[in-house]
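# Chains, contacts and geometry: an overview
Below, each chain spelled out in residue letters.
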Amino acid sequence: METARSDQDESAVSSRHMGQSVGPNTTKEPSLRVVARAIELLETLSEQPMRPSELCKSLGLPWTSVYRLVQQLADKQFIEREPRTGQYRIGQACWLVGSAYTINHPVLDIARPGLELLASRVDAVLQLCERAGRHALTLLSVHTSRSESVPRTYYGYPLPLHCSSKGQVLLAFSGGAFIDWYLSTELERLTPDTVTDPVGLREMLVRIREQGYAHTEGGVLRGSASIAVPVFGRDQHVVASICATARCESFADEESTIVIVEQLRAVAFNVSSAIGWRPSASTH
């Protein structure tokens, strides 16, 4: 009986009009709380599609609150319903708003020529990434005919920070409080080679800060490896990472690793300098 009722309720979300009464509790919620809940709902759906009943459980909200949020966001096309499954997913309006972020992005515009030039010389997929909460977000991914396509390296793909070199660089150069919090959370294991031990990861982050780059193998996908270096901003903080991803054999020996690290550092140096960074004793 409960399942049937949920199905009927979820179907009703897409068929009723925004603003229609949903029951006895029709008191308008404070605007800021509604905005915060809407953002949390969108963040949840950005990770995976869900039915409204699943959103209730994930967000810890009553059905009436989720109903109002889903109704309004769907009406504005920020989310959309898949008729076959009844699941809601991110909608076209989210894409339109989000894609505006990369237009005239100060780091992206500067980094693109250098990454494209390097991509023509190496057998790797090159990426520009930045931290978005607990994820490394790919802003630019350069594939050429020389580079073998590697899954999960395309534009817009988010990965947990600890899984890949691009994310480990961003995590290593984050503030101590953020690192402490991140390592205290549940760390997702994408493959058997993903490092999830907090003690081991903390030691790894120290090493990354000391040597100025990260090198991972199989943490995201078995058989793939990646090397990443930081991009520094005017205030000496790391604002992005530049990453090369290829099959493990491409970075199998110390010589090939050193070569790609220096190539990535050259691009990162030019980008960092162009956005106002100047070398100091505290950077590598």
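Description of the structure in this document. (Residues numbered from 1 in each chain as written. Predicted model: local features only at pLDDT ≥ 70, side-chain atom pairs only at ≥ 80, totals over all residues. Heavy atoms only, no water.)

## Some details on the sheet that holds strand β3 (residues 125-132)
Reading across from one edge, β5-β4-β3-β8-β7-β6 is the order of the six strands in this open sheet, with antiparallel pairing throughout. One side of each edge strand has no neighbouring strand; the edge strands of this open sheet are β5 (158-160) and β6 (214-217). Across this sheet, the average inter-strand angle for adjacent strands is 30°, counted without regard to direction. The strands touched by helix α10 (residues 254-274) are β3, β6, β7 (224-232) and β8 (238-247); relative to β7, the strand with the most contacts, the crossing angle is about 30°. (Pairing = 2+ DSSP bridges. Helix = DSSP H or I, 4+ residues; strand = E, 2+ residues; numbered from the N terminus. Axes fitted to C-alpha atoms, helices over the stretch in contact; angles between N-to-C directions. Contact = heavy atoms within 4.5 Å.)

## Some details on the environment of Val66
Its place among the elements puts Val66 in helix α4 (residues 63-75). Taking the C-alpha atoms as reference, Val66 lies 6.3 Å from Cys56; in sequence the two are ten residues apart. Ignoring any residue separated from it by four or fewer positions in sequence, one finds Val66 in contact with Pro52, Leu55, Cys56 and Leu61.

## Notes on the packing of helix α2 (residues 31-47) against α4
For the pair α2 and α4, interaxial distance at closest approach is 10 Å and the crossing angle is 75°. Classified by the angle their axes make, α2 and α4 are roughly perpendicular. Taking contact as the criterion, the partners of Val34, Arg37, Ala38, Leu41 and Leu42 in α2 are, on α4, Ser65, Leu69, Val70 and Leu73. Considered class by class, the residues forming the contact of α2 with α4 number seven nonpolar, one polar and one charged. (Parallel < 35°, antiparallel > 145°, perpendicular 65-115°, else oblique. Nonpolar A, V, L, I, M, F, W, Y, C, P; charged D, E, K, R; others polar.)

## Describing the packing of aromatic side chains
A complete count under the given rule lists seven aromatic pairs for this structure. Residues Phe173 and Phe232 carry aromatic rings whose centres are separated by 5.8 Å and whose planes lie at 85° to one another, so their mutual orientation is edge-to-face. Separated by 59 residues along the polypeptide, Phe173 in the loop between α7 (165-172) and α8 (176-184) and Phe232 in strand β7 bring together distant segments of the chain. Note on Phe173: relative accessible area 23%, which makes it partly exposed. By relative accessible area, Phe232 is classed as buried at 5%. (Phe/Tyr/Trp six-rings, centres within 6.5 Å; stacked < 30°, edge-to-face > 60°. Buried < 20%, exposed > 50% of the residue type's maximum accessible area, 1.4 Å probe, protein only.)

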